[in-house]
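As a plain string of letters, each chain reads:
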Amino acid sequence: METKSYDYGSRTGIREISWDDFGVLAMMLAETLSKEKVEVVVGIARAGLFPSTAVACMLRREMYPVRVTRRFDDEIVRREPEWKVNLPRDAVAGKVVAVIDEMADSGRTLVVVRDEVMKAGASRTVTASLFCHSWAEPKPDIVVVETDALVLLPWDYRVYRDGVWIVHPEYEAALRQQEEK
């Protein structure tokens, strides 16, 4: 199932992120979130756990994972994000909570989680992502890099399949679309 946010032909350019780049970007996100007086971090699994865990460690705050996704076994299977791992409500009640994902593509997943965090009684939420596309609506409160490039992330650029490391099939298709432009 294809949605507008997964139309890789709409990307302009390619931005490959190394692990070192990720570390710098996570530090920048932690510095910005520290000004918000964040007390708890909620990370959106899967890939949002990379920046949320790093930021939680850097700020010495508790981090709680949630899973809200359009995917199953890394394949897009639904149009709207669906809850798979729920929020520990008592962990966020009365707190300033950062809701973190690695990428705000449509912006929808961050909104779904933010709304649930507020229902659970957070005093305030701050949505944040390392990357955001210009078409995300709404945009996160905090974004480290806004880009419409195809962002290649170090944790899933290569995947292990049938005993060998290969370029992630979704990235491979997206790279072909970029070459055809």
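## Looking at unusual backbone geometry
Part 1 of the argument: In this structure, the amide linkage connecting Ala45 to the following residue, Arg46, adopts the cis form with an omega of 15 degrees.
Part 2 of the argument: Assignment of secondary structure puts Arg46 in the loop between β2 (40-45) and α2 (49-59).
Part 3 of the argument: Despite not being glycine, Lys37 shows a phi value in the positive range, around 60 degrees.
Part 4 of the argument: Note on Lys37: relative accessible area 62%, which makes it exposed.
Part 5 of the argument: Despite not being glycine, Asp162 shows a phi value in the positive range, around 55 degrees.
Part 6 of the argument: Within the fold, Asp162 resides in the loop between β11 (158-161) and β12 (164-167).
Part 7 of the argument: Overall, Asp162 belongs to the exposed group, its relative accessible area being 77%.

## Description of the environment of Val68
Part 1 of the argument: One can find Val68 in strand β3 (residues 62-69).
Part 2 of the argument: On the basis of relative accessibility, which here comes to 3%, the residue Val68 falls in the buried class.
Part 3 of the argument: Put simply, Val68 and Asn86 are 18 residues apart on the chain and 8.4 Å apart in space, counted from C-alpha to C-alpha.

## Some remarks on the nonpolar core
Part 1 of the argument: Among the nonpolar cores identified, the biggest contains 35 residues, and Leu29, Leu33, Val55, Ile100 and Phe131 are the most heavily contacted of them.
Part 2 of the argument: Only α1 (19-34), α2, β7 (96-104), β8 (124-132), β9 (142-146), β10 (150-152) and α5 (169-179) provide two or more residues apiece to this core.
Part 3 of the argument: Sorting elements by how many residues they give to this core places α1 first, with 6 residues.
Part 4 of the argument: With residues up to four places along the chain from it excluded, the contact list for Phe131 reads Ile17, Leu25, Glu102, Met103, Ala104, Val143, Val145, Thr147, Val151 and Leu153.
Part 5 of the argument: Formed by 18 residues, the second largest nonpolar core is a distinct cluster that contains Val68, Val92, Ala120 and Cys132.

Conventions used here
- Residues numbered from 1 in each chain as written.
- Predicted model: local features only at pLDDT ≥ 70, side-chain atom pairs only at ≥ 80, totals over all residues.
- Heavy atoms only, no water.
- Helix = DSSP H or I, 4+ residues; strand = E, 2+ residues; numbered from the N terminus.
- Buried < 20%, exposed > 50% of the residue type's maximum accessible area, 1.4 Å probe, protein only.
- Core = buried A, V, L, I, M, F, W, Y, C linked by side-chain atoms within 4.5 Å.
- Contact = heavy atoms within 4.5 Å.

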